[in-house]
Amino acid sequence: MAGYTALTADDRAIMLDAIGVESIEDLFDGIPAGVRLGRPIDLPPGEPEQAVYAELRRLAERNVSADDEITFLGAGMYDHYVPAIVDMLMSRSEFLTPYTPYQPEVSQGGLQVMFEYQTAISELTGLPVSNASVYDGPSAVGAAAYMAKLANRRAKVLVSRGVHPHSRETLDTLAVGYGTEVVEIGLDDGVTDLESLQASLSDDVSAVILQQPNFLGAIEDVRSFADAAREHGALVICAVDPLTLGVLAAPGHQGADLVVGEGQSLGNRLDFGGPSFGFFAATEKHIRSMPGRIAGETTDADGRRGFVLTLQTREQHIRREKATSNICTSQALNALGGVVYLSWLGRRGIVEIGELMLQRTHYARETLASIEGIEKLHDRPVVREFGLRLDVGGADAVTRVLERCAVGGVNAGFALGREYDEYGDGLLVAITEQRSREDIDRLAEVLEAAVAAERAAASAEVAA
Amino acid sequence: MAGYTALTADDRAIMLDAIGVESIEDLFDGIPAGVRLGRPIDLPPGEPEQAVYAELRRLAERNVSADDEITFLGAGMYDHYVPAIVDMLMSRSEFLTPYTPYQPEVSQGGLQVMFEYQTAISELTGLPVSNASVYDGPSAVGAAAYMAKLANRRAKVLVSRGVHPHSRETLDTLAVGYGTEVVEIGLDDGVTDLESLQASLSDDVSAVILQQPNFLGAIEDVRSFADAAREHGALVICAVDPLTLGVLAAPGHQGADLVVGEGQSLGNRLDFGGPSFGFFAATEKHIRSMPGRIAGETTDADGRRGFVLTLQTREQHIRREKATSNICTSQALNALGGVVYLSWLGRRGIVEIGELMLQRTHYARETLASIEGIEKLHDRPVVREFGLRLDVGGADAVTRVLERCAVGGVNAGFALGREYDEYGDGLLVAITEQRSREDIDRLAEVLEAAVAAERAAASAEVAA
Amino acid sequence: MSSLDHSQTRQQRERATTIFEKGAPGRRAFRAPDLDVPRVDALIPEGSRRAEGPRLPEASEPEIVRHYVNLSKRNFDLDSGFYPLGSCTMKHNPRLHERAAALPGHSRLHPLQDPRRAQGALELMFNLQESLAELAGLPHVSMQPSAGSHGELAGVLLTRAYYADRGEQRTKVLTPDSAHGTNPATVTMAGYEVVKVALDADGGVDVGDLRAKADESVACLMLTNPSTLGIFDPNIEEIAQIVHGVGATLYYDGANLNAVMGYTRPGDMGFDIVHFNLHKTFTQPHGGGGPGAGPIAVSDRIEPYLPRPQVVRRPPAVNGGPRTPPTFDLDHDRPKSIGKLRGFHGNYGVFVRTYAYIRSLGAEGLKEVSEVSVLNANYLLARLRETCGDRLPLAFGERCMHEFVLSGAPLKKELGIRTLDLAKRLLDHGFHPPTVYFPLVVEEALLVEPTETETRETLDEFADAIAAIIAEAEEDPEIAKNAPYTTPVRRLDEAGAAKRPRVREILPD
Amino acid sequence: MSSLDHSQTRQQRERATTIFEKGAPGRRAFRAPDLDVPRVDALIPEGSRRAEGPRLPEASEPEIVRHYVNLSKRNFDLDSGFYPLGSCTMKHNPRLHERAAALPGHSRLHPLQDPRRAQGALELMFNLQESLAELAGLPHVSMQPSAGSHGELAGVLLTRAYYADRGEQRTKVLTPDSAHGTNPATVTMAGYEVVKVALDADGGVDVGDLRAKADESVACLMLTNPSTLGIFDPNIEEIAQIVHGVGATLYYDGANLNAVMGYTRPGDMGFDIVHFNLHKTFTQPHGGGGPGAGPIAVSDRIEPYLPRPQVVRRPPAVNGGPRTPPTFDLDHDRPKSIGKLRGFHGNYGVFVRTYAYIRSLGAEGLKEVSEVSVLNANYLLARLRETCGDRLPLAFGERCMHEFVLSGAPLKKELGIRTLDLAKRLLDHGFHPPTVYFPLVVEEALLVEPTETETRETLDEFADAIAAIIAEAEEDPEIAKNAPYTTPVRRLDEAGAAKRPRVREILPD
Ligand SMILES: Cc1ncc(COP(=O)(O)O)c(C=O)c1O
Ligand SMILES: Cc1ncc(COP(=O)(O)O)c(C=O)c1O
């Protein structure tokens, strides 16, 4: 008996008899000979639980996790603390193992969680309508541009170069399918170039896409962009880190029509990039063209309050080729983690944690920028992340500096040259509530030494 | 707000008003001035969850756990694999957070688990009656001797030197209280000396206490001892490792009246020694003098099958000074882990795992005993553990050998000299299903080198 | 006067209140770390500073725990009962997988960690790609898609890229009537026109219709095999010939792979692209609607277009200095790639679980999965046909693969009981109902998939419950029509919900 | 004919079946590792070899999971509802503690690991000893006892060792009538005679009676303060004087420590020995009856007799070579020790949780615990006195500490409703009842302890439920007498269970 099956020889005999066949093989008669595998599957034999666990442990130990170093790596996913109640609730059978709530009478738990999640996302983003999750942040950006296209049928979208590179690349990939032209708007001194945007706006622009804070951690002036876009009837899509929304203005209050983003910072693990969740919020008028599940409130036959999946006529299982999206399975459990986290954080906590990140980020930026050979990438206000320029001689040298820091037990951040040619000497440093002043001071120490060593090595090379 | 409390300033005002006092302080009026603390508690201030978790991680990392080395350390607790479903079920709120099932109508889950646990222990031990757990193995031995005393009011117990030293010491400690004289019966070639026991038996012997397998891993001839004891009307108490009872005869079938033991090997973690659970099984006639909770089957007002705590008139909360024991809170959750583990292991698994340990133990013993400078402690059949003699010059040298092995990532076992003066050169090696042949071969390699090095160092010293 | 209404359960008695309605102003669970750096004011420009914080809940930790624990009890779940939801493969979710995925080396690993310091994760992904390739019978795998529909989108975009690269203009994608809704929806999103292919009398693809519609304008045929009717298409070879004959690609919707492992593979059947639903066949828990993962396997000709980055194994370096690429690496250098479908590398946490599952079962175990899932389905079918075959007939044929479709049409016609009523009444019996009203080609459809991890006893109990409900309906159809009675809420007004959508809690200011 | 009996819930309808009745011969979850060494026969002597294995369950993993998950749903638990079980301190159990205790460095640490390689565990235990000493106001701590009653036993055995060492013969231990059952039971097990001390009119120790009974034959007075009546004994100083006056020791049953942290300490009151219930005051989850831990703190004169080994901190070594003792160590060299009370070092996993709790709360948080627990108790008391003070009066005094005792005597006399009936009816309202029929000195006692982690709203709801039940009983007492109605089973036949004990499942051979 393998594969968590339960049938004994007796069971099998009784069952085959009831079916009226001789053997299990007979049940596969319908598969034509020409397409049969005709040999055993070429995979190793199964192993006991203890052996499989040991192997997974071996693999885990070959990774350097955020538990193993002091990490300032962010660039889209962040080392935030996940409170224990999130794990506990996400692992309850009742939340972990059901399917999408197709039978609402026995799914009120999951449905109400979605309703609460939607409420929280709506509060954070400042928009009245949220769906119950999409895959992740970048795919949410792609989905938002698709929705814009469905809404106004215009030919192109303008996307800020400050939007996460993965979001931009996902947008490019998907836009080829639904036939939207993607035009990039450059950065100027760390933030999206408003003039360049204005120059690119026209009546065939479906949407303008910004990120807040942008990939460099800088705070964008969302309202100005929204005003500009609105003049041309373009929708404004804003990707945002929800955990900054205790201190940063809600894009929905600043004119954004769609607010989307990556939910990992809300109680989800790093998990090497997934699963987490994407969120997707919109103004009222777009409710019937949103992608994904939406939970709605209603009453039962006796008048009790209850929740259902609503507006399903948007969805693929009802509307098929006319659906507003193809999404089916999304990230419900991760969204549960999100709303539990937000409940734990609470109305005051969301402000406090934002303020803490803001202050520590400022401290870190000033401390690091005062080191010989290091300067700020730009002077714009930042929150939770910021860019530096390392005067070490370009992208390869930055990589070597990072390696030197890693030896000292510090992951100094993300080498911007991996995604931005123009910032080959750039380093992106993320600061969460997990990084204390002590950690930051340690980073300063290690980074200072690494930069100095790299510069010394470079001048030695020049001298030689 | 700290301490997981919820009262806001508003709440407090309303509540104080309802009570009719001015301040919370007033509620403590009844504490006389002379006994007041009169200063703040001298402990550090509280910390956020993330900081406390970080500190607990720091402490954890200062321990070398069974995950960090290949360990052959046993001597009462063993590195068995704990299946994931045990953790999952033990952490379900419904099992984790209730009190002792005083209200059976809303505690059928816990009560039925106890009933199932009792059934499993009864099957393992070969005795019809089990309680729902005691603290641990050693305290179970102490409790068994007390029960023997209640049963026959005799003056002394005979305890084999093969019984776990902690059990013997616990027995000594408790026996001082209830006034029983403890006489030790020595070992002969690894097992309890039957002749010496026979010589010590008399009509004032309340009970004879054995362990199966004994502390040295050797298989005792329980039946012969039971026959001898019975002749003098003494009860036979057998402590046993339950995980060997798929291959070793049930002591209850060999004449033991009480079978007790440490339950850690049944799906419980090492936890630096606890919590795990002790089990306690007896023949029918002792049911009304057992210590601890016992779940019993009954019916409800409508005739439904149900379970209750039964025979409570034995217990302290009813009988007070006449109770058969003072035990109240025991180890229910750990016993749940035990019965889930046994269900997972199953009727065939308990035999298979016993057989596996038996075979690998034999292999390890033969392999190690063939190393230069190492010999078997005795030739008796063993299961799951065995003793070796290291010809390195005594207890201190054995400790140094162990340290050398530790440097090689192997915990070679328990230095018998820590508990047995007569085995100063002894090493006790435990083999569980987690220790593969590869692990054993690695132990052989490391131990061989360590013994050789120690011998070389010793002769160098002699030469110098 | 009773202090309680005994006609209702406690859950029914209590009004559902959200976490936003609980707690009180000022309550909290979180405690912020102390500010350990000098405070600086005005770090955020005025216009970008939030004036009033979002109205998140204000509750103590005990309140939050109780709220969600009690909410969880308003869910039916697989760990508590039988969940024969067709097409969804609700098989047992081993907890080993959760334990393994939670190891900090996996769960606390940053996706942008230097590949040299993420060798375990990359090795796992690489090995998993190899395993999935073997199961697909197709050599190349991308782990990036996050669900089945995401895999479909990847697949159709790959097809598009393939033709674009060849300079071919194709505009249509064929799907049979029995296709899952995600298939046609995907086609639209990928900018193709959907063309439906009819089914033949046995529930398979109507080969004549296919032949008629297959021409040079067709980019792809998307197929599930066994289909959503639980039938293995006997004409699969001919179908593949026709599709390939016009130069189109063949896409395999892998949702039903659970039926055929060890017997046949999409690649063996001629498919070019296949997605896996790791949350079906490979037992990632469904989480009430995700997360899942929908990796794809493709043939050589599609490979150049796969999403970026790919996990690769590099040949061992000759002079392994610090600048040598690591053994397992991320290959971003894929000039023809369609690009990215999402952030980072896909749902890695799901991969860990799948990896554990494949290692636990091995080659034989995976074959046993398919065998027992088919045996269980056929046994349950036999039991149901025996007791209520006339009221609830099998839609097509005599037997099935891992699932089967019954038609509730006779029940509706003869007793006035709709499939929905039957489903709701099953809730009272403690079972999750099968999938209802899908596939669309069967009137009053009931799609039943027991999976391999259920016992014979459970199948018997389920069959008995269906029989009891039908017997009950023969006498009094009203009972089923008003079911359920015992659930936390009773039948819900879905139309009302859609008419005036209330999709968030209204909060006091 | 309905297919179901709607007068019952599903749980009520289903017969309870044990895991031994589930499954089928040959089913299994465990898979053994392959035998990787040469097989040798007859390794066990014939007479010691088991002929037929124990009849353990034979079930698949999914069956086991479903069985226990469904069983769990037949429990009431603290995470789901209010649990005001007096004397048990059912406060919120933070999950942080479970997470911390599960870290492999703690949970996978062998108790016999070389102390050099267990420095984290020993440091934790040492620090915890220090914290508990501060809270007890007594300088020395042993972590070994596994529960309150185990701590009591340790305490009385320590007293015995102390007198034995001094050559004094004492034979009696005093306990007040309100003492918990473990107190007298412990006394007997430790070989002393129990002598009861009367209570005075206010529920405190009758000082006159104490004075009369306290003489040189008395070894100890065991006291809970606040007592199990929730009353802080105002005469504690005099009591201590009397006991110490005859040379006896004073033992503090720490079950009620939750009431007084930051206000007073057992040591300040004159106690010599105190046990803590880490599963009460320090929120170790109760687990349906353990595990707990009952560490003890003692005064200087008792210290030499503490159990072995003790965790100690060694002064930093001058020349720290490999043979230097580690900083934190186990001291076995305690010649006057009473020895061991159990294996190894106590319930370490519980210590990790307690440590986390004390670090989370800190000095102020612990004081707030006591303040709010007392405030909550007094508020609930005030609410109950307001609505049903005549039917359910407070047994003693006007106010309380962290818990209070009501007497159901009027209710019984006037309406024929016993405290038991009230408790059972509370179950229908979704509350766990308070402790009933304890302490024994109050007729029809109801001992209510809300704890500090409950909200005001919860206390109000509970008070309302009690009021509703009493109002209901005024009209129709039969309802309460036959309660509960909505639980998985209804009132159980306890007498029958005790008469013909069935304490295990009967199995087929
Ligand atoms: C046949 C079929 N295809 C595709 C899908 C879509 O998969 P997912 O939900 O993972 O997007 C499903 C899921 O229900 C399905 O059953
Ligand atoms: C007052 C009192 N003393 C002692 C005890 C015994 O504690 P334990 O159950 O931990 O043995 C209890 C527990 O109920 C108690 O309430």
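Only a predicted model underlies this, so the values are computations on that prediction, with no experimental measurement involved.

(A) Geometry of the overall build of chain C. Check the secondary structure of chain C and you find 16 helices and 12 strands. Against the 2.2 N^0.38 benchmark of 23 Å for 509 residues, chain C shows a C-alpha radius of gyration of 26 Å, consistent with a compact globule. Each of the three principal axes of chain C carries a C-alpha extent, and together these read 85 × 75 × 45 Å. Counting the 509 residues in chain C, one finds 71% classified as buried. Contacts in chain C between residues far apart in sequence, at least 24 positions, make up 73% of those at least 6 positions apart.

(B) Main features of the overall build of chain A. The secondary structure content of chain A amounts to 14 helices and 17 strands. With the principal axes as the frame, chain A shows a C-alpha extent of 85 × 55 × 50 Å. Within chain A, the fraction of its 464 residues that count as buried is 70%. In chain A, the proportion of contacts linking residues at least 24 apart, taken out of those at least 6 apart, comes to 71%. For chain A, the accessible area works out to roughly 13,400 Å², and carbon and sulfur atoms hold 47% of it. Where the 40 positive side-chain charges of chain A centre and where its 68 negative ones centre are 4 Å apart.

(C) A look at the sheet that holds strand β12 (residues 445–448) of chain D. Residue and element names in this part refer to chain D. Reading across from one edge, β10-β12-β11 is the order of the three strands in this open sheet, with antiparallel pairing throughout. Each of the sheet's edge strands pairs with one partner strand only, and the pair in question is β10 (404–407) and β11 (435–436). Here four bridges tie β10 to β12, and the two strands are oriented antiparallel to one another. Directly across from L406, in β12, lies its bridge partner L446.

(D) Geometry of the interface of chain D and chain B. Between chain D and chain B, the contact holds 210 residues from the first and 194 residues from the second. Roughly 18,000 Å² is buried in total at the junction of chain D and chain B, and carbon and sulfur atoms are behind 59% of that figure. Measuring nitrogen to oxygen at the nearest pair gives 3.0 Å for the salt bridge that ties R305 of chain B to E505 of chain D. Here chain D and chain B share 116 residue pairs in polar contact (both at pLDDT 80 or more) between them. Among the elements that make up the side of chain D that touches chain B, the one with the highest residue count is helix α11 (residues 348–388) of chain D (28 residues). Its residues assigned to classes, the side of chain D that touches chain B shows 101 nonpolar, 56 polar and 53 charged.

(E) Here's a closer look at the site of ligand 1. Around ligand 1 sit 16 residues in total, of which T329 of chain A together with S87, D253, H279 and K280 of chain C are the nearest. More than one chain approaches ligand 1, the contributing ones being chains A and C. Note that an oxygen atom of ligand 1 is positioned 2.6 Å from one of the side-chain N or O atoms of T329 of chain A. Between an oxygen atom of ligand 1 and a main-chain N or O atom of G148 of chain C, the distance comes to 2.6 Å. Calculation on ligand 1 without its partners gives an accessible area of 390 Å², and the protein chains cover 99% of this total. Looking at the shell around ligand 1, the element that brings in the most residues is helix α6 (residues 148–166) of chain C, giving three residues. Its residues placed into classes, the shell around ligand 1 shows four nonpolar, nine polar and three charged.

(F) Representation of the site of ligand 2. In the neighbourhood of ligand 2, 16 residues make up the surrounding shell, with T329 of chain B together with S87, G148, D253 and K280 of chain D lying closest. The residues that come close to ligand 2 belong to more than one chain, namely chains B and D. N277 of chain D has a polar side-chain atom sitting 3.1 Å from an oxygen atom of ligand 2. Against a free-state accessible area of 390 Å², the protein chains account for coverage of 99% of ligand 2. A per-element tally of the shell around ligand 2 places helix α6 (residues 148–166) of chain D first, with three residues. Considering only residue class, the shell around ligand 2 consists of four nonpolar, nine polar and three charged.

(G) Representation of the pattern of salt bridges within the structure. All told, the structure shown has 174 salt bridges over all chains when counted by the stated rule. Among the salt bridges present, the one from R92 of chain B reaches E94 of chain B, with a minimum N-O distance of 3.3 Å. On the basis of relative accessibility, which here comes to 0%, the residue E94 of chain B falls in the buried class. Between D257 of chain B and R230 of chain B there is a salt bridge whose closest N-O contact spans 3.9 Å. Residue D257 of chain B is located in the loop between β8 (235–240) and β9 (258–262), and its partner R230 of chain B is located in helix α10 (residues 222–231); the two are separated by 27 residues in the primary sequence. You can call D257 of chain B buried: its relative accessible area is 8%. A residue is classified by how much of its surface remains accessible, and R230 of chain B, at 45% relative accessible area, is partly exposed. Taken together, the salt bridges that share partners define one network made up of D11 of chain A, R383, R456, E457, D460 and D464 of chain C together with R27 and E63 of chain D.

(H) View of unusual backbone geometry. All names here are of chain B. P213 follows Q212 through a cis peptide bond whose omega is -20°. Inspection of the secondary structure puts P213 in the loop between β7 (205–212) and α10. The phi torsion at R320 lies on the positive side, around 50°, for a residue other than glycine.

(I) The arrangement of the interface of chain B and chain A in detail. Tallying the contact residues gives 15 residues for chain B and 15 residues for chain A. Regarding the contact of chain B and chain A, the summed buried area is about 1,300 Å², with carbon and sulfur atoms giving 34% of it. Run the count over chain B and chain A and you get four salt bridges. Remark: the boundary between chain B and chain A carries 10 residue pairs in polar contact (both at pLDDT 80 or more). At the level of elements, α3 (49–61), α4 (84–90) and α5 (93–96) of chain B are the ones that each hand at least two residues to the side of chain B that touches chain A. Considering only residue class, the side of chain B that touches chain A consists of six nonpolar, three polar and six charged.

(J) The arrangement of the relation of the copies chain B and chain A in detail. Screw-axis analysis of chain B against chain A gives a translation of 0.0 Å along the axis, an RMSD of 0.0 Å, and a rotation angle of 180°. The symmetry that links the two subunits is that of a two-fold axis. The rotation axis passes nearest to the C-alpha of R92 of chain B in chain B, at a distance of 3.6 Å. Here 100% of the contact residues of chain B are again contact residues in chain A; the copies associate through an equivalent surface.

(K) Up close: helix α12 (residues 332–369) of chain B. All names here are of chain B. For α12, spanning 38 residues, the distance from its first C-alpha to its last is only 41 Å, which falls clearly below the expected 56 Å at 1.5 Å a residue. Taking the largest bend as the criterion, α12 deviates by roughly 90°, centred on G346. The buried fraction of α12 amounts to 31 of the 38 residues, a majority that puts the element mostly inside the structure.

(L) Broad picture of the packing of helix α13 (residues 395–407) of chain B against helix α14 (residues 437–463) of chain B. Residues and elements named next belong to chain B. Between α13 and α14, whose axes approach to 9 Å, the crossing angle comes to 135°. Comparing the axis directions of α13 and α14 gives the class oblique. You can see that α13 and α14 cross each other, and the crossing is right-handed. In contact with A397, R400, V401, R404 and C405 of α13, α14 contributes V446, L447, A450, V451, A453, E454 and A457. Grouping the constituent residues of the contact of α13 with α14 by class yields nine nonpolar, no polar and three charged.

(M) Just the packing of helix α7 (residues 137–152) of chain A against helix α8 (residues 165–178) of chain A, in detail. Residues and elements named next belong to chain A. Look at α7 against α8: their axes get within 8 Å of each other, and the N-to-C directions meet at 40°. Between α7 and α8, the angle is such that the two are oblique. Along this stretch, α7 crosses α8, giving a crossing that reads as right-handed. Between α7 and α8, the residues in contact are G137, P138, S139, V141, G142, A145, Y146 and K149 and H166, S167, T170, L171, L174 and Y178, respectively. Here the residues of the contact of α7 with α8 are counted per class, giving seven nonpolar, six polar and one charged.

(N) Local environment of helix α6 (residues 108–125) of chain B. In this model α6 of chain B runs 25 Å from its N-terminal to its C-terminal C-alpha over 18 residues, within 8% of the 26 Å that 1.5 Å per residue would give. G126 of chain B, located one to two residues past α6 of chain B, shows a positive phi value of around 75°.

(O) Summary view of the sheet that holds strand β6 (residues 273–276) of chain D. Residue and element names in this part refer to chain D. Here we have seven strands laid out as an open sheet, ordered β1-β7-β6-β5-β4-β2-β3, and mixed in their pairing. Edge strands, defined here as strands with exactly one partner in the open sheet, are β1 (140–142) and β3 (193–197). Sheet twist, expressed as the mean angle between neighbouring strand axes with direction ignored, is 25°. Taken together, the four bridges between strand β5 (residues 249–254) and β6 define a ladder with parallel strand orientation. Bridge assignment links G254 to a residue of β6, and that residue is F276. Here helix α5 (residues 119–136) sits on the sheet and contacts β1, β6 and β7 (296–298); the angle it forms with β6, its principal contact strand, is near 120°.

About the thresholds
Residues numbered from 1 in each chain as written. Chains lettered and ligands numbered in written order. Predicted model: local features only at pLDDT ≥ 70, side-chain atom pairs only at ≥ 80, totals over all residues. Heavy atoms only, no water. Helix = DSSP H or I, 4+ residues; strand = E, 2+ residues; numbered from the N terminus. Rg over C-alpha atoms; globule rule 2.2 N^0.38 Å. Buried < 20%, exposed > 50% of the residue type's maximum accessible area, 1.4 Å probe, protein only. Contact = heavy atoms within 4.5 Å. Areas by Shrake-Rupley, 256 points an atom, 1.4 Å probe, with all protein chains shown as cover. Lys, Arg positive; Asp, Glu negative; His and termini not counted. Charge placed at Lys NZ, Arg CZ, Asp CG, Glu CD. Pairing = 2+ DSSP bridges. Buried area = accessible area lost by both parts, 1.4 Å probe. Salt bridge = Lys/Arg side-chain N within 4 Å of Asp/Glu carboxyl O. Polar contact = N/O pair within 3.5 Å; in protein donor to acceptor, adjacent residues only side chain to side chain. Nonpolar A, V, L, I, M, F, W, Y, C, P; charged D, E, K, R; others polar. Near = heavy atom within 4 Å. Least-squares fit on C-alpha atoms with pLDDT ≥ 70 in both. Expected span 1.5 Å × (residues − 1). Bend = angle between axes of the 7 residues up to and from the residue. Axes fitted to C-alpha atoms, helices over the stretch in contact; angles between N-to-C directions. Parallel < 35°, antiparallel > 145°, perpendicular 65-115°, else oblique. Left-handed = near helix turned anticlockwise from the far one by under 90°.

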